[in-house]
Amino acid sequence: MTVLKSKIPKGPISEKWTKHKSDINLVSPANKRLIDIIVVGTGLAGASASATLAELGYNVKTFCFQDSPRRAHSIAAQGGINAAKNYQGDGDSTYRLFYDTIKGGDYRSREANVYRLAEVSTNIIDQCVAQGVPFARDYGGLLDNRSFGGVLVSRTFYAKGQTGQQLLLGAYSAMNRQIGRGQIKMYNRHEMMDIVLIDGKARGIIAKNLITGKLERHGAHAVVIASGGYGNVFFLSTNAMGSNVSAAWKIYKKGAHFANPCFTQIHPTCIPVSGDYQSKLTLMSESLRNDGRIWVPKNIKDVKLIREGKLKPTQINEENRDYYLERRYPAFGNLVPRDVASRAAKERCDEGYGVNKTGEAVYLDFSSAIIRYGKEQAHVKGLDENDKTLVKKLGQDVIRSKYGNLFQMYEKIVDENPYETPMTIYPAVHYTMGGTWVDYNLMTSIPGCYSIGEANFSDHGANRLGASALMQGLADGYFVLPYTIGDYLADDIRTGKISTDQPEFEKAEKTVENQINLFINNKGKNSVDYYHKKLGKIMWNKCGMSRNEKGLKEAMKEIKQLRNDFYKNVKVPGSANEYNEELAKAGRLADFLELGELFAKDGLERTESCGGHFREESQTSEGEAVRDDRNFTFVSVWEHKGEPSKSKLIKEKLNFEEIEVKTRSYK
Ligand SMILES: Cc1cc2nc3c(=O)[nH]c(=O)nc-3n(C[C@H](O)[C@H](O)[C@H](O)COP(=O)(O)OP(=O)(O)OC[C@H]3O[C@@H](n4cnc5c(N)ncnc54)[C@H](O)[C@@H]3O)c2cc1C
């Protein structure tokens, strides 16, 4: 029987991490030179880990499929990063961030991990400021904060709507220093195709040089997977087009467990789908909910006129607008957590109040904030607060300084000016809380194989609050893994270089080669995207914002059929020995087609509703999620057993000793 060892240290929660760091094994500086580590991924998790491990003296080899590490998906992160600095003096603390994150995740994450995350959050800000990350500052030059959903304090540090970009530039420059020193060997345009295990331990990877198509063997004493999330299993998502599950899936198939695959975050404020030929969705950052108010018309006749183009939202007066989040959740209003806001938008649209042609859009309106800020500015400047034109201009300037790049992006895509008319938004797939299962040291169930950032099942439980993914990825990379990996590597100081001539490397390479040849020689009739779109439709309709037993069972069946058809009829043009994007996509989709089935199976097993996982069978008469703590206070950990439908469920029980488990209310 498989036994999960989460290795959570004993003792009071506030002392666990400190004590653990003092108890675990260390590798001396001289011996670190004898150890090689492979890091797959250069997003915030992989870049911060690579830089820090190299700084410590390990020999690091880092891989990414983009042409430069700084093109990793993390660069797209907009809104901000949380930290319990309490710079606003509004009552924040390590404990409150810990509490908010546990509650936000709907009591489905590990207390010890989340406490550690809250604890190191403040170090991240200091680290990034020292690197020169240009966080927004207030008038007096101090670091500024804003609020994100599901919390009652302002703890989010930001750099306009480009926080991910600035943080990644910081981590990337730290990496570059080590690349310059020869401590990191960087492999751009290289894709990890499989992991190599020797005597049950992770000892290297098979990588593909995407430019030449050549397969390469790379040995190391440990392998770190930092390959990001798998939201693209839905085809349409806010993720970068290349984001995929393959690295995580390959290790799953070799013995690493996969946790909570169905826990997906649907983000409420994205630009609505415009048509069938779209391949990407665009996020409008949650930070906009600090100032934007969400509404739909109160009267169905107004909705009809809007859809016919006979009425504009600006012509609907206040009493005929339904600010449904403020109405239903007065305490948190527009800043309820993402799952709550997403479901509320769906509920209104399902009732027929959607404001675009497809009926799947609600308004995000800045007019009140523009007037509020405009009046304040007029007052500050001693100008006429009753001059409507002046107030509007001053208010728009404030909004521009806070969210200018987001407004510009919206206007470019939708061709409407959001300073003058409300944005239209709708929920979209955004983040995956599920991922590779890891213990407290961030090690997977394969000895020597670690998983960090969005690739692991992370500390977010069933719903990631905003601005906490960047926090977790950087906590893992800068402050957790560099300590915990030494505990394992201390036994490897006498191992010597890992030779790639061993049969295990040869076998893994052959398997990869066979799959590549299979795709190239298939000569089918359908493109990779043909299958990916079909998979995405099944996922969105049957495993999306709300799920039920019938739909999930159908999804499992349909995905399996689609997978069989894919292998028979997919067409991959070109050859294996050249830059071949279609070939890369085929390999990634093959893994999505397996993950999708496990995703549905996981959703089917969890008959409760929690966080982003909404089972229609488990709701109140008002449509609120109903958790089942008695039967489901566990992490669903899946063990590979061949076909996805045959995967075995192991339950990691969650113990809440510090925080009282309550109904998750935001009213
Ligand atoms: C539009 C958008 C906005 C967001 N805004 C915020 C925000 O404001 N705040 C917040 O906290 N979170 C935000 N998030 C979430 C956050 O950006 C991500 O969770 C986080 O950046 C993931 O970082 P990562 O390092 O784990 O992975 P990624 O940044 O996804 O990096 C993955 C890396 O792995 C590499 N890789 C993958 N597979 C392979 C392979 N097989 N071989 C080689 N290399 C591989 C890629 O090349 C890449 O370098 C946002 C997400 C989106 C989509």
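The following refers to the structure shown. These numbers were taken from a predicted model, which means no experiment stands behind them.

### A closer look at the overall build of the chain
Along the chain, the regular secondary structure elements total 18 helices and 19 strands. Computed over its C-alpha atoms, the radius of gyration of the chain comes to 25 Å, within 12% of the 26 Å expected for a compact globule of 667 residues. A principal-axis box enclosing the C-alpha atoms of the chain has dimensions of 80 × 55 × 50 Å. Scored against the burial criterion, the 667 residues of the chain give a buried share of 61%. Within the chain, counting contacts between residues at least 6 apart in sequence, those at least 24 apart form 74% of the total. With an accessible surface of roughly 26100 Å², the chain has 49% of that area assigned to carbon and sulfur atoms.

### With respect to the pairing of strand β6 (residues 190-198)
A regular strand carries its side chains on alternate faces of the sheet. Burial analysis of β6 places eight of its nine residues in the buried class, which makes it a mostly covered element. Where β6 lies against strand β7 (residues 201-209), eight bridges are found, and the strand directions are antiparallel. Its bridge partner lying in β7, M192 is registered against A207. Turn length for the β6-β7 hairpin, with the two strands adjacent in sequence and antiparallel, is two residues, and the turn residue D199 shows positive phi of about 50°.

### Considerations on the packing of helix α4 (residues 94-104) against helix α5 (residues 111-131)
The relative placement of two packed helices comes down to the angle between their axes together with the axis-to-axis distance. Running from N to C, α4 and α5 cross one another at 135°; their axes reach a closest spacing of 8 Å. For the element pair α4 / α5, the angle class is oblique. For the crossing formed where α4 meets α5, the hand is right-handed. Residues T94, Y95, L97, F98, T101 and I102 of α4 pack against E111, V114, Y115, A118, E119 and S121 of α5.

### A look at the site of the ligand
In the region of the ligand, 38 residues are neighbours, and Q66, S74, G79, M192 and E454 sit closest. The separation between an oxygen atom of the ligand and a polar main-chain atom of F65 is 3.1 Å. Here an oxygen atom of the ligand sits 2.5 Å away from a polar atom, N or O, in the side chain of S74. Against a free-state accessible area of 1000 Å², the protein chains account for coverage of 98% of the ligand. At the level of secondary structure, the elements contributing two or more residues to the shell around the ligand comprise α3 (44-56), β6, β15 (423-432) and α13 (469-489). Class assignment for the residues of the shell around the ligand results in 17 nonpolar, 18 polar and three charged.

### What to know about helix α11 (residues 367-380)
A turn of α-helix holds 3.6 residues, and therefore any two residues three or four places apart point the same way. The terminal C-alpha atoms of α11, which comprises 14 residues, lie 20 Å apart, in line with the 20 Å expected from a rise of 1.5 Å per residue. Restricting attention to buried positions, one finds in α11 the residues A369, I370, Y373, G374 and A378. An end-on view of α11 places all buried positions within 160° of arc, on one side of the element. Tucked into the core, α11 has its buried residues touching α12 (388-414). Two residues or fewer after α11 comes G382, characterised by a positive phi angle close to 70°.

### Thoughts on the sheet that holds strand β18 (residues 634-639)
Reading across the sheet, the four strands line up as β16-β10-β18-β19 and stay open at both edges, with antiparallel pairing between neighbours. Either end of the sheet is taken by a strand with one partner, and the two such strands are β16 (435-436) and β19 (648-653). Sheet topology note: the strand β10 (residues 258-259)/β18 ladder contains two bridges and is antiparallel. What sits directly across from A259, in β18, is V637.

### Examining the nonpolar core
Counting 91 residues, the largest nonpolar core has F258, L288, I399 and L535 as its most contacted members. When residues of this core are assigned to their parent elements, the largest contribution, eleven residues, is made by helix α17 (residues 581-605). Every residue in contact with L535, bar those within four places of it in the chain, is listed here: V233, I559, L562, L589, F592 and L593. I13, W17, Y107 and L474 belong to the second-largest nonpolar core, a separate cluster that totals 74 residues.

### What to know about the packing of aromatic side chains
For any pair of aromatic rings, the description consists of the separation of the ring centres together with the inter-plane angle of the planes. Under the definition given, this model contains 29 aromatic pairs. Ring geometry for Y87 against F157: centres 5.7 Å apart, planes inclined by 75°, an arrangement best described as edge-to-face. Note that Y87 is positioned in the loop between β3 (81-82) and α4 and F157 in strand β4 (residues 156-157), a separation of 70 residues in sequence. A ring pair is formed by F332 and Y666, whose centres lie 4.8 Å apart and whose planes are at 80°; its orientation type is edge-to-face. In this pair, F332 sits in the loop between α9 (324-328) and α10 (338-350) while Y666 sits in the segment after β19, placing the two residues 334 residues apart along the sequence. Every member of this aromatic cluster is reached through a ring pair, and the members are F519, Y530, Y531, F566 and Y567. Taking NZ or CZ as reference, K21 lies 5.0 Å from the ring centre of Y483, over its face. Taking the ring centre of Y666 as reference, the NZ or CZ of K103 above it sits at 4.2 Å.

### Regarding the side chain of D459
Relative to the helices and strands, D459 is located in the loop between β17 (449-451) and α13. Leave out the neighbours within four places in its chain, and D459 touches T101, S109, N113, V114, L117 and Q472.

### Description of the side chain of E597
When you line up the elements, E597 lands in helix α17. At 2.7 Å, the side chain of E597 and the side chain of R563 are in polar contact. If we skip the residues at most four places from it in the chain, E597 touches M556, I559, K560, R563, P644 and S645.

### So, the sheet that holds strand β14 (residues 362-365)
Sheet architecture is open: five strands sit in the order β11-β15-β14-β12-β13, paired in antiparallel fashion. Each end of this open sheet is capped by a strand with a single partner; those strands are β11 (264-270) and β13 (321-322).

### Some points on the environment of Y530
Among the structural elements, Y530 can be located in helix α15 (residues 528-543). Considering only alpha carbons, one finds Y530 and F566, 36 residues apart in sequence, at a separation of 9.3 Å.

### As for the pattern of salt bridges
This model, assessed by the stated rule, comprises 54 salt bridges. Ionic pairing is found between E594 and K253, a salt bridge with its closest N-O pair at 3.0 Å. Of this pair, E594 sits in helix α17 while K253 sits in helix α7 (residues 246-253); the two residues are 341 residues apart in sequence, bridging distant segments of the chain. Exposure remark for K253: the relative accessible area of 34% places this residue in the partly exposed category. For K402, the salt bridge goes to D291, with nearest N and O atoms at 3.3 Å. Separated by 111 residues along the polypeptide, K402 in helix α12 and D291 in the loop between β11 and β12 (293-297) bring together distant segments of the chain.

Reading the values: rules and limits
- Residues numbered from 1 in each chain as written.
- Predicted model: local features only at pLDDT ≥ 70, side-chain atom pairs only at ≥ 80, totals over all residues.
- Heavy atoms only, no water.
- Helix = DSSP H or I, 4+ residues; strand = E, 2+ residues; numbered from the N terminus.
- Rg over C-alpha atoms; globule rule 2.2 N^0.38 Å.
- Buried < 20%, exposed > 50% of the residue type's maximum accessible area, 1.4 Å probe, protein only.
- Contact = heavy atoms within 4.5 Å.
- Areas by Shrake-Rupley, 256 points an atom, 1.4 Å probe, with all protein chains shown as cover.
- Pairing = 2+ DSSP bridges.
- Axes fitted to C-alpha atoms, helices over the stretch in contact; angles between N-to-C directions.
- Parallel < 35°, antiparallel > 145°, perpendicular 65-115°, else oblique.
- Left-handed = near helix turned anticlockwise from the far one by under 90°.
- Near = heavy atom within 4 Å.
- Polar contact = N/O pair within 3.5 Å; in protein donor to acceptor, adjacent residues only side chain to side chain.
- Nonpolar A, V, L, I, M, F, W, Y, C, P; charged D, E, K, R; others polar.
- Expected span 1.5 Å × (residues − 1).
- Arc of directions from axis to C-beta.
- Core = buried A, V, L, I, M, F, W, Y, C linked by side-chain atoms within 4.5 Å.
- Phe/Tyr/Trp six-rings, centres within 6.5 Å; stacked < 30°, edge-to-face > 60°.
- Lys NZ or Arg CZ within 6 Å of the ring centre and 35° of its normal.
- Salt bridge = Lys/Arg side-chain N within 4 Å of Asp/Glu carboxyl O.

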